[in-house]
Amino acid sequence: EGGCYAKTVGLTREKEPEIYDAIRFGSILENVGFDDMTGEVDYDDTSITENTRVAYPLKFIPNARIPAKVEHHPKQIILLTCDAFG
């Protein structure tokens with residue numbers, strides 16, 4: 001893969017500095033609220049949905065392994081899931 005996809009609800013530089021700093025020209029924000037006059041994004045705004053996201057190229061993350069691949073298959077895969085109740 002050549003990119004990342006992350007949740008942005010409640011995002012701050014203090015909580016997730018690499019994700020926060022990856023949001024720049026070339027990133028795509030989904031379902032986020034922003035100020036019409038300044039363009040400033042409000043990551044705490046959940047008026048549209050709590051499922052706010054950002055997509056950005058892997059190269060926006062410092063020290064990322066590019067290309068993001070290895071020569072072997074994984075031995076374990078962990079899948080994080082959630083149902084309607086949390």
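Residues numbered from 1 in each chain as written. Predicted model: local features only at pLDDT ≥ 70, side-chain atom pairs only at ≥ 80, totals over all residues. Heavy atoms only, no water.

> What is the right way to look at the environment of P57 in this model?
Structurally, P57 can be placed in strand β5 (residues 53-57). Sequence-distant contacts of P57, that is, excluding residues within four places in its chain, are made with G2, G3 and G26. (Helix = DSSP H or I, 4+ residues; strand = E, 2+ residues; numbered from the N terminus. Contact = heavy atoms within 4.5 Å.)

> So what exactly am I meant to see when it comes to the pattern of salt bridges here?
Between side chains of opposite charge, a pair can form as their charged atoms come close. By the definition in use, this model includes 1 salt bridge. Note that D21 is salt-bridged to R13, the shortest N-O span being 2.7 Å. A residue is classified by how much of its surface remains accessible, and R13, at 44% relative accessible area, is partly exposed. (Salt bridge = Lys/Arg side-chain N within 4 Å of Asp/Glu carboxyl O. Buried < 20%, exposed > 50% of the residue type's maximum accessible area, 1.4 Å probe, protein only.)

> Quick question: what am I supposed to make of the sheet that holds β5 here?
Each strand in a sheet pairs with its neighbour through backbone hydrogen bonds, running either in the same direction (parallel) or in the opposite one (antiparallel). Read across the sheet, 3 strands follow the order β1-β5-β2 without closing on themselves; strand pairing throughout is antiparallel. Sheet topology places β1 (3-7) and β2 (28-30) at the edges, where each strand pairs with a single neighbour. Averaged over all pairs of adjacent strands, the angle between strand axes in this sheet comes to 15°, irrespective of strand direction. As paired elements, β1 and β5 share 5 bridges and run antiparallel to each other. (Pairing = 2+ DSSP bridges. Axes fitted to C-alpha atoms, helices over the stretch in contact; angles between N-to-C directions.)

Taken by themselves, the reported measurements are silent on function.
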